[in-house]
Amino acid sequence: MNLKISKNNIIQIFVLILVSALSSCSSDSEEDLFNQVEIKDISFSEQIVPLVETNCYGCHSMADSANGAGIVLEGYDNIKTQIEANKFLEVLTGANGLSLMPPFGQLSETQIQIVEQWITEGAQNN
Ligand code: HEC
């Protein structure tokens, strides 16, 4: 096989690598900036309920909590009970020796921060 790489090719490849490295850098910091702006004034109904609905109702809904050891996470009062037991946020990281929730795949760092911030803001029913 006759592989001919000219000086121009090498420069092109180098520029490509540089551009892709730079662009991934800048998108990371944009995302960080975005997250810092977003994660405050958390709404129970607009952010927490959808998050729990998607990630926890599979096992912890009112209609069916058999797969979640009978623990219901539907409704503010039921979630508040778990917060007061120091379990709602803690299970998301498996803190205090609790089983990690959801069992099949941890939430993203941003999702966990949203829950944490909501609790910091007083876990309001807002
Ligand atoms: C695939 C089913 C499943 C999903 C999805 C799931 N859980 Fe669980 N959860 C369980 C089971 C089973 C238990 C009881 C056994 C255990 O603690 O490991 C449990 C227990 C818990 C407990 C009580 C822990 C304790 O030790 O008292 C909390 C709080 C909890 N889950 C929160 C959540 C939250 C919050 C989510 C969503 C982010 C979630 N779970 C998603 C199955 C699930």
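Residues numbered from 1 in each chain as written. Predicted model: local features only at pLDDT ≥ 70, side-chain atom pairs only at ≥ 80, totals over all residues.

A. Layout of the overall build of the protein. For the protein, the helix and strand inventory stands at six helices and zero strands. Its helices and strands taken in sequence order, the protein reads α-α-α-α-α-α from the N to the C terminus. Taken over 126 residues, the protein has a buried fraction of 11%. In the protein, 47% of the contacts between residues at least 6 apart in sequence involve partners at least 24 apart. (Helix = DSSP H or I, 4+ residues; strand = E, 2+ residues; numbered from the N terminus. Buried ≥ 20, exposed ≤ 12 C-beta atoms within 10 Å, placed from the backbone. Contact = placed C-beta atoms within 7 Å.)

B. Examining the site of the ligand more closely. Neighbouring residues of the ligand: 20 residues in total, closest Cys56, Cys59, Ala69, Ser99 and Met101. Here the shell around the ligand is built from residues that sort into 12 nonpolar, seven polar and one charged. (Near = placed C-beta within 6 Å. Nonpolar A, V, L, I, M, F, W, Y, C, P; charged D, E, K, R; others polar.)

C. Fine view of the nonpolar core. Counting 13 residues, the largest nonpolar core has Ile48, Val52, Leu73, Val115 and Trp118 as the members making the most contacts within it. Residue assignment for this core shows that the elements contributing at least two residues are helix H2 (44-55) and helix H6 (109-120). Take this core: its biggest share by element is three residues, from H6. Tryptophan 118 has contacts with Ile42, Phe44, Ile48 and Ala123, leaving out every residue within four places of it along the chain. (Core = buried A, V, L, I, M, F, W, Y, C linked by C-beta atoms within 7 Å.)

D. Main features of H6. Relative to the 16 Å expected for 12 residues at 1.5 Å per residue, H6 spans 16 Å between its end C-alpha atoms, a close match to the ideal helical length. Of the residues making up H6, those classed as buried are Ile114, Val115 and Trp118. Buried residues of H6 fall within an arc of 95° about the axis and therefore sit on the same side. Exposed positions of H6 whose direction lies more than 90 degrees from the buried face are Glu109, Thr110 and Thr120. Looking at the packing, one finds that the buried side of H6 touches H2 and helix H5 (90-93). In the stretch just after H6, glycine 122 is the one whose phi turns positive, near 105°. (Expected span 1.5 Å × (residues − 1). Arc of directions from axis to C-beta.)

E. Fine view of the environment of isoleucine 39. With respect to the element layout, isoleucine 39 can be found in the loop between helix H1 (7-38) and H2. Along the chain, isoleucine 39 and glutamate 116 lie 77 residues apart, while their C-alpha atoms are 9.6 Å from each other. Ignoring anything within four residues of it in the chain, the contact list for isoleucine 39 reads Gln113, Ile114 and Gln117.

F. Spotlight on unusual backbone geometry. A cis amide bond links methionine 101 with the next residue in sequence, proline 102, at an omega value of -10°. Mapped onto the secondary structure, proline 102 falls in the loop between H5 and H6. Notably, aspartate 41 is not glycine yet its phi reads approximately 50°, a positive angle. Positionally, aspartate 41 belongs in the loop between H1 and H2. Non-glycine residue alanine 123 carries a positive phi angle of around 45°. The residue alanine 123 is located in the segment after H6 in this model.

Structural measurements only, silent on function.
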